[in-house]
Amino acid sequence: MIPTRASLPDDAAEWGQTNVSLPRLKNDSPSSCPETIDEIMAYIRLESSDVDDAKGERLSFLRTALVEKDQYWLWRYMESNDSECYVVFRIKADGSSDLGLSETNGLAPEHYLLADYYNEIYWP
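The shown structure was predicted, so the numbers you read here are calculated from the model rather than taken from an experiment. Positions within a chain are numbered from 1, following the residues in the order the chain's sequence is written. Per-residue local features of the predicted model are confined to residues with pLDDT of at least 70, and side-chain atom pairs are confined, for both listing and counting, to 80 or more; whole-chain, interface and lining totals are unaffected and use all residues. Computation of side-chain values covers all heavy atoms of the structure but excludes hydrogens and water.

### Some details on the overall build of the chain
And step 1. Helical segments are the DSSP runs of H or I of at least four residues, strand segments are the runs of E of at least two, and each set is numbered from the N terminus. Counting its regular elements, the chain contains 2 helices and 4 strands.
And step 2. Its helices and strands taken in sequence order, the chain reads α-β-β-β-β-α from the N to the C terminus.
And step 3. Computed over C-alpha atoms, the radius of gyration of the chain comes to 14 Å, within 12% of the 14 Å expected from 2.2 N^0.38 for 124 residues, which places it in the range of a compact globule.
And step 4. When its C-alpha atoms are laid out on the principal axes, the chain stretches across 40 × 30 × 20 Å.
And step 5. For the chain, the share of sequence-separated contacts (at least 6 apart) that also reach a separation of at least 24 residues comes to 49%.
And step 6. Using a 1.4 Å probe, accessible areas were evaluated by the Shrake-Rupley method; residue-level cover was limited to the displayed protein chains. A total accessible area of about 6,800 Å² is found for the chain, and carbon and sulfur atoms account for 46% of it. With C-alpha atoms as the basis for the radius of gyration, the globule rule is written as 2.2 Å multiplied by the number of residues raised to the power 0.38. Should any heavy atoms of two residues lie within 4.5 Å, those residues are considered in contact.

### Re the nonpolar core
And step 1. Throughout, nonpolar core names a set of buried Ala, Val, Leu, Ile, Met, Phe, Trp, Tyr and Cys residues whose side chains join them through atoms within 4.5 Å. Accessibility here uses a 1.4 Å probe with only protein chains present; expressed as a share of the type maximum, an area under 20% marks a residue as buried, one over 50% as exposed, and anything in between as partly exposed. Residues Trp15, Leu22, Leu113 and Leu114 are the most contacted members of the largest nonpolar core, which totals 18 residues.
And step 2. For this core, the leading source of residues is helix H2 (residues 109-117), giving 4 residues.
And step 3. Within the second largest apolar cluster, 16 residues are counted, among which are Leu25, Trp75, Val87 and Ile91.

### Quick notes on the side chain of Glu79
And step 1. Tracing the backbone through its elements, the reader meets Glu79 in the loop between strand E2 (70-78) and strand E3 (84-91).
And step 2. The charged-residue count follows a simple rule in which Lys and Arg add positive charge and Asp and Glu add negative charge, with His and chain termini not counted at all. Salt bridges, as used here, are contacts in which a Lys or Arg side-chain nitrogen is within 4 Å of a carboxyl oxygen on Asp or Glu. Comment: no salt bridge for buried Glu79; closest opposite-charge side chain is Arg58, at 8.1 Å.
And step 3. Among the polar contacts listed, one links the side chain of Glu79 to the backbone nitrogen of Ser49, at a separation of 2.9 Å.
And step 4. If near-sequence neighbours (up to four positions away) are discounted, Glu79 is found in contact with Ser48, Ser49, Asp50, Arg58 and Cys85. Polar contacts here mean pairs of N or O atoms no more than 3.5 Å apart (in protein, one a potential hydrogen donor and the other a potential acceptor; neighbouring residues in sequence count only if both atoms are side-chain atoms).

### A closer look at the pattern of salt bridges
If charged atoms from side chains of opposite charge come close, those side chains can pair.
And step 1. A full pass over the atoms with the stated rule returns 8 salt bridges.
And step 2. With its nearest N and O atoms 2.7 Å apart, the salt bridge here joins Arg58 to Asp50.
And step 3. Classification of Arg58 by relative accessible area gives partly exposed; the value is 22%.
And step 4. Classification of Asp50 as buried rests on a relative accessible area of 4%.

Listed below in structure tokens is the structure:
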């Protein structure tokens, strides 16, 4: 069971002390993601500060997760300026999907996924 939003600090950047354990999807691999690596990299080229210099070798798969009924795939992307970012693909319970990239702001992967689930990813 995930923490309720009300039980968490107001600022997601302060969630680091909260114990979060998220189950992985049965197929815990990037190949199980509906988006291909080529599609993920195309998105990174649009959204990261690297633009056309984005390199696939700076992308590493971290994990999948099930948060309530939403499915997640999470990667780490290191920009050429050494900024650490997360790339997340989410399939919501209603079947819609999102792809996002943002800096980690020091959040562990599980905290970041929880912040995404609660729509608390607001930093650039």
